[in-house]
Amino acid sequence: MTERLAAPPEVVRHAVRLLDSQRLATVAVNGADGYPWAATVGYVNEGLILYFVSARDSLRTERLAADDRTAAVVRSGADSADALGVAMTGRAAEVVDLELVAHVNDLIAKCRRDQHAFGAASNAVALFRFSPESLSLVTVSDGRSAPRRFRLDTV
């Protein structure tokens, strides 16, 4: 695999602006059987970091417990001629620190007033923190996607 360039600040700014403007991400996880699993989740972000919940008894939560490698994709609401998307690979870990849960709830209250806060005391759901290690900005030109891939040295 060829070494990707580090993401320049302007690429990170474009990606964060897109993440800030959207509410849904497709999150993909690995399975022990070799098959990936992808599903749409609501999220709140802090820069490039995504926070999302998953039911404790879901396939996603089960697979993340076994393998934290994750991919996330967010696409703008623009029509296909102007589409911009961000695809990221990284790792997702359950948030168990109650102070971090409270911080995420503060983010929701500030940025996503129409979303409900994550329940820290609930046993029904788990809160996950997705930390990206690489990103691709995807644009569409003449009906064709044009991704530009970068590594993320720090997030």
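Residues numbered from 1 in each chain as written. Predicted model: local features only at pLDDT ≥ 70, side-chain atom pairs only at ≥ 80, totals over all residues. Heavy atoms only, no water.

Description of the environment of Ser 54
Logical step 1: By the secondary structure assignment, Ser 54 is in strand E4 (residues 49-55).
Logical step 2: The exposure class of Ser 54 is buried, given its relative accessible area of 2%.
Logical step 3: A C-alpha to C-alpha distance of 9.7 Å links Ser 54 and Glu 94, two positions 40 residues apart in sequence.
Logical step 4: Sequence-distant contacts of Ser 54, that is, excluding residues within four places in its chain, are made with Arg 60, Thr 61, Ala 124, Val 125, Ala 126 and Phe 128.
Logical step 5: There is a polar contact of 3.1 Å between the side chain of Ser 54 and the side chain of Arg 60. (Helix = DSSP H or I, 4+ residues; strand = E, 2+ residues; numbered from the N terminus. Buried < 20%, exposed > 50% of the residue type's maximum accessible area, 1.4 Å probe, protein only. Contact = heavy atoms within 4.5 Å. Polar contact = N/O pair within 3.5 Å; in protein donor to acceptor, adjacent residues only side chain to side chain.)

A word on the pairing of strand E1 (residues 24-29)
Logical step 1: The side-chain alternation of E1 yields one buried face, formed by Ala 25, Val 27 and Val 29, and one unburied face, formed by Leu 24, Thr 26 and Ala 28.
Logical step 2: Here E1 runs beside strand E2 (residues 37-42); their pairing, made up of six bridges, is antiparallel. Paired with Thr 26 across the strands is Thr 40, a residue of E2.
Logical step 3: Relative to strand E5 (residues 69-75), E1 is paired through four bridges, and the arrangement is antiparallel. Residue pairing in the sheet places Ala 28 in a bridge with Ala 71 of E5. (Pairing = 2+ DSSP bridges.)

Purely geometric stuff here, so don't read any function into it on its own.
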